[in-house]
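A structural walkthrough
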Amino acid sequence: MSDIPLGVLDLVPISSGSTAADALRNSIHLAQQAERLGYARYWFAEHHLNPGVAGTSPAVVLALTASATSTIRLGSGAVQLGHRTALSTVEEFGLIDALHPGRFDLGLGRSGGRSPGEKATGQTATPVVDGRAPNGLLIPPRFSFERLLGSPRIALQRRLLLLPNAESQDYAQQIDDILALLAGTYRSPEGAEAHAVPGEGAEVELWILGSSGGQSAEVAGARGLRFAANYHVSPATVLEAVDGYRSFFQPSDVLDKPYVSVSADVVVAEDDEKARELATGYGPWVRSIRTAEGAIEFPTPEEARAHPWTDEDRALVQDRLDTQFVGSPARVADHLEQLQQATDADELLITTITHDHADRVRSYELLAQEWKRR
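I will try to describe carefully the structure that is included in this document. Predicted model only: the values in this text are computed from it and were never measured.

Basis of the calculations
- Counting starts from 1 at the beginning of each chain's written sequence and moves along it residue by residue.
- The predicted nature of this model means local features are confined to residues of pLDDT at least 70 and side-chain atom pairs, given and counted, to a pLDDT of 80 or more, with totals for whole chains, interfaces and linings taken over all residues.
- The basis for the side-chain values is all heavy atoms of the structure; hydrogens and waters are excluded.
- Within the patch definition used here, like charges are joined within 9 Å and nonpolar side chains (Val, Leu, Ile, Met, Phe, Trp, Tyr) within 5 Å, considering only residues with over 30% relative accessible area and no salt bridge.
- Only the protein chains shown count as cover for residues, and all accessible areas are computed by the Shrake-Rupley method using a 1.4 Å probe.
- Salt bridge, as used here: a side-chain nitrogen of Lys or Arg that lies within 4 Å of a carboxyl oxygen of Asp or Glu.
- Starting at the N terminus, helices and strands are each numbered in turn, a helix being any DSSP run of H or I of at least four residues and a strand any DSSP run of E of at least two.
- Lining residues are those with an atom within 4 Å of a point, where the points come from a 1 Å grid over the protein atoms alone and group into cavities, where a 1.4 Å probe fits but cannot get out, or pockets, open sets with protein on both sides within 12 Å along at least five of seven lines.
- Grid points are joined across faces, edges and corners, and a volume is the space filled by probe spheres set on the points.
- Residues are grouped as follows: nonpolar covers Ala, Val, Leu, Ile, Met, Phe, Trp, Tyr, Cys and Pro; charged covers Asp, Glu, Lys and Arg; every other residue, Gly included, is treated as polar.
- Whether two residues touch is decided by their heavy atoms; if any such pair falls within 4.5 Å, the residues are in contact.
- The pairing test for Phe, Tyr and Trp rings, Trp by its six-membered ring, is centres within 6.5 Å, and the orientation test on the planes gives stacked under 30 degrees, edge-to-face over 60, and tilted for anything in between.
- Exposure is judged per residue with a 1.4 Å probe applied to protein chains only, and the accessible area is read against the type maximum: over 50% gives exposed, under 20% gives buried, and values in between give partly exposed.
- Ring-over charges, as used throughout, are those where CZ of Arg or NZ of Lys falls within 6 Å of the ring centre and within 35 degrees of the ring normal.
- What is meant by a nonpolar core is a set of buried Ala, Val, Leu, Ile, Met, Phe, Trp, Tyr and Cys residues, joined one to another through side-chain atoms within 4.5 Å.

1. With respect to a nonpolar patch on the surface
Taken together, the side chains of Leu49, Leu156 and Leu160 define a hydrophobic patch exposed on the protein surface, amounting to about 260 Å² of accessible area. Tracing the sequence through the fold places Leu49 in the loop between strand E2 (41–44) and helix H2 (58–66).

2. Here we look at the pattern of salt bridges
Two side chains with opposite charge may pair up if their charged atoms get near one another. Taken as a whole, this structure holds 28 salt bridges when the rule is applied. Residue Arg362 pairs with Glu270 through a salt bridge whose shortest N-O separation is 2.9 Å. Pair noted here: Arg362 is in helix H14 (residues 357–373) and Glu270 is in the loop between strand E8 (260–268) and helix H9 (272–278), with a separation of 92 residues, a long-range link. Here the salt bridges do not stand alone but share partners, grouping Arg41, Arg73, Asp105, Glu205, Arg226 and Glu347 into one network.

3. Focus on the layout of surface pockets
Considered as a void within the structure, the second largest pocket measures approximately 160 Å³ in volume. Lining the second largest pocket we find Arg132, Gly136, Leu137, Leu138, Tyr231, Asp322, Thr323, Gln324, Phe325, Val326, His335 and Gln338. Going through the elements one at a time, strand E9 (325–327) and helix H13 (329–343) are the ones with two or more residues in the lining of the second largest pocket. Partitioned by chemical class, the residues of the lining of the second largest pocket number 5 nonpolar, 5 polar and 2 charged.

4. Overview of the side chain of Glu370
Secondary-structure assignment places Glu370 in helix H14. Excluding residues within four positions of it along the chain, Glu370 makes contact with Pro329, Ala330 and Ala333.

5. Describing the packing of aromatic side chains
The tally for this structure, following the rule as stated, stands at 10 aromatic pairs. For the ring pair Trp43 and Trp207, a centre distance of 5.2 Å and an interplane angle of 75° mean the geometry is edge-to-face. Residue Trp43 is located in strand E2, and its partner Trp207 is located in strand E6 (residues 205–210); the two are separated by 164 residues in the primary sequence. For Trp207, a relative accessible area of 0% corresponds to the buried category. Measuring from centroid to centroid gives 5.9 Å for Tyr245 and Phe249, while their planes differ by 75°, and the two rings are edge-to-face. Neither Tyr245 nor Phe249 differs from the other in exposure class; each is buried. Among the aromatic residues, ring-to-ring pairing joins Trp43, Trp207 and Tyr259 into one connected group. The aromatic ring of Tyr171 is capped on one face by Arg110, whose charged end is 5.8 Å from the ring centroid. Of note, Arg226 hangs over the ring of Tyr259, and the distance from its end group to the ring centre comes to 5.8 Å.

6. Brief notes about the nonpolar core
Within the largest apolar cluster, 77 residues are counted, with the highest numbers of intra-cluster contacts made by Tyr39, Leu108, Val262, Leu336 and Leu348. Setting aside residues up to four positions removed in sequence, Val262 forms contacts with Ala229, Tyr231, Val238, Val242, Leu339, Thr343, Ala345, Glu347, Leu348 and Leu349. Leu11, Phe143, Phe145 and Phe298 belong to the second-largest nonpolar core, a separate cluster that totals 22 residues.

Here's what the structure looks like:
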């Protein structure tokens, strides 16, 4: 499996008892270690109004990390276009590419709109029988994101991120505008030219991130772009997402065939028992996200065990707990092989959160060593 590259997806998590500054320093250090360990990419997510997540601006964190690393590809997973313009996105990545040319992945996603898991028409799906893909990969029941997307916090986030009376541009049109601005071919409907400096000609690799076989998969496929599917966000719809993307795919100047990355939540330790202990905080952390409270500071195992679970709480997080890969290096690598085979992924994107930074670094180290042996 060493021919399947592994990448890192980092939310810049804040552990209980620490600060956003600690989280940023830890993430930059982890990127340096990922480079040393041979990981192919290091991506930063974008989240807002979360007490336990410091990754609010991928471009800013990428600029800081690029200066502390030298060879590993760096990227966004993803810039959320629901509250941005094509020009601001191209200019931001053009700035950092100007000093570190050819190292950046511009991963693009939506915020708002269709909820994850909503299915587009005109696509096929890999058969799932009794909650399993043909090779046995767990595909849990769908989770409804309606409560989360309709929450007051998400409404407030949108209000604070958008200018008054502003409306998000159509997502497909934004992608076309970004492609045109990067290529230097942008023309307004009236025929006026626009040239982004810096930005035009930037050596960035474009990716579309999606949780379903809907608009994101269609946009990526129809334009011949790379696609990243989220098993860790919406495990129920990962097969739908990759199948949808492939069904829409048209060859482009960038790709002659589909190219897919798939993400997974992972915690690795020397043995299964220790890994389970390190992953104890994951349940309360996911619960805080899915109740729309905003991600809490990642708890210690002791703090996590003190959480008073209800049946409703457990139902909120069960699919994520069941699809987190936790254990020894061999056990987790086996699960990742299964995920790769079920989705036919070209790459895997690993996201790991533990309370102590040293345990997170060690998890990535153990996984890299095991992966190289396969």
